[in-house]
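Coordinate analysis (summary)
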Amino acid sequence: MAQAFIALGSNLEQPAAQIRAALAAIAALPDTELTRQSALYRTAPVGFADQPDFINAVAEVNTALAPRELLRSLLAIEAEFGRVRTFRNAPRVLDLDLLYYSGVAQSDEDLTLPHPRMHLRGFVMIPLAEIAPGLALPALGTAGELAAGLADQGVERLETTS
């Protein structure tokens, strides 16, 4: 079994409910166990500002799915929830990003691991540090260290996901 971390985000159609339902869908993936989940966090949109705030969380799973298989499963969950990709940073009912997969380092047109911009995003690093502060990201530091440097990004803890 491999350890993986997944970022979740939503700003349409009752975002907190979308995140909770997505966590249940992730937990139902074959050969995958949802082991931890962060609280919910509110974050202002990045890139395209004329849209509602996002609700974000991070989940940890143990999975027998290979990285590409897990990514395909996450994209299928997005599609089931009605995700439509219109333009970069557009409003969305659900966004699932594979952040980290058991120390795998790869970069190609379909999948880059670890996620190439996660260390710059408070809405990712702060919930990740909540559940895995000691997770080491090569050449960057631990999740806890990186989150501390992003505390000024206006990420607001709302509630637990359970």
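Residues numbered from 1 in each chain as written. Predicted model: local features only at pLDDT ≥ 70, side-chain atom pairs only at ≥ 80, totals over all residues. Heavy atoms only, no water.

1. Section: the overall build of the protein
Within the protein, the regular secondary structure consists of four helices and 10 strands. Overall, the protein shows an N-to-C arrangement of helices and strands of β-α-β-β-β-α-β-β-β-α-β-β-α-β. For the protein, whose C-alpha radius of gyration is 14 Å, the value lies close to the compact-globule estimate of 15 Å for 162 residues. Dimensions of the protein, computed from the C-alpha atoms along their principal axes, are close to 40 × 35 × 35 Å. Put simply, the protein has 162 residues, and 48% of those count as buried. Summarising the internal contacts of the protein: among those between residues at least 6 apart in sequence, 68% fall at separations of at least 24. Within the structure as shown, the protein displays about 7,700 Å² of accessible surface, and the carbon and sulfur contribution to it stands at 52%. (Helix = DSSP H or I, 4+ residues; strand = E, 2+ residues; numbered from the N terminus. Rg over C-alpha atoms; globule rule 2.2 N^0.38 Å. Buried < 20%, exposed > 50% of the residue type's maximum accessible area, 1.4 Å probe, protein only. Contact = heavy atoms within 4.5 Å. Areas by Shrake-Rupley, 256 points an atom, 1.4 Å probe, with all protein chains shown as cover.)

2. Topic: the pairing of strand β5 (residues 95–101)
For β5, the buried fraction is high: six of the seven residues fall into the buried class. Bridge count between strand β1 (residues 2–10) and β5: six bridges; the pairing is antiparallel. Opposite I6, over in β5, you have L98 as the bridge partner. (Pairing = 2+ DSSP bridges.)

3. With respect to the nonpolar core
By size, the foremost hydrophobic cluster in this structure holds 28 residues, and its most contacted members are L8, I26 and L96. Those elements giving two or more residues to this core turn out to be β1, α1 (15–27), β4 (54–63), α2 (67–80) and β5. It is α1 that provides the largest number of residues to this core, a total of five residues. Residues within four places of I26 in sequence aside, it is in contact with I6, L8, T32, V61, L74, I77 and L96. Judged by nonpolar contacts, the second largest core, of 23 residues, contains A39, Y41, V58 and M125. (Core = buried A, V, L, I, M, F, W, Y, C linked by side-chain atoms within 4.5 Å.)

4. Observations concerning the packing of aromatic side chains
How two aromatic rings sit relative to each other is given by the distance of their centres and the angle of their planes. For the coordinates displayed, the defined rule picks out one aromatic pair. Taking 6.1 Å as the distance between ring centres and 55 degrees as the angle between the ring planes, the aromatic pair formed by F5 and Y100 counts as tilted. Of this pair, F5 sits in strand β1 while Y100 sits in strand β5, and the two are 95 residues apart along the sequence. (Phe/Tyr/Trp six-rings, centres within 6.5 Å; stacked < 30°, edge-to-face > 60°.)

5. A few points about the pattern of salt bridges
Across all of its chains, the model carries eight salt bridges by this definition. Its salt-bridge partner being E60, residue R36 comes within 2.6 Å of it at the nearest N-O pair. Of the two residues, R36 sits in strand β2 (residues 32–37) while E60 sits in strand β4, which places them 24 residues apart along the sequence. Take R36: its relative accessible area is 37%, and that puts it in the partly exposed class. According to the relative accessible area criterion, E60 is buried, its value standing at 5%. Measuring nitrogen to oxygen at the nearest pair gives 2.2 Å for the salt bridge that ties R68 to D108. In this pair, R68 sits in helix α2 while D108 sits in the loop between β6 (106–107) and β7 (112–113), placing the two residues 40 residues apart along the sequence. On the accessibility criterion, D108 (30% relative accessible area) is partly exposed. One salt-bridge network, held together by shared partners, links E78, R83, R92 and D95. (Salt bridge = Lys/Arg side-chain N within 4 Å of Asp/Glu carboxyl O.)

6. With respect to helix α3 (residues 122–131)
For α3, the tally of buried residues reaches nine of 10 residues, placing the bulk of the element in the interior. If you check which residues of α3 are buried, you get G122, F123, V124, M125, I126, P127, L128, A129 and I131.

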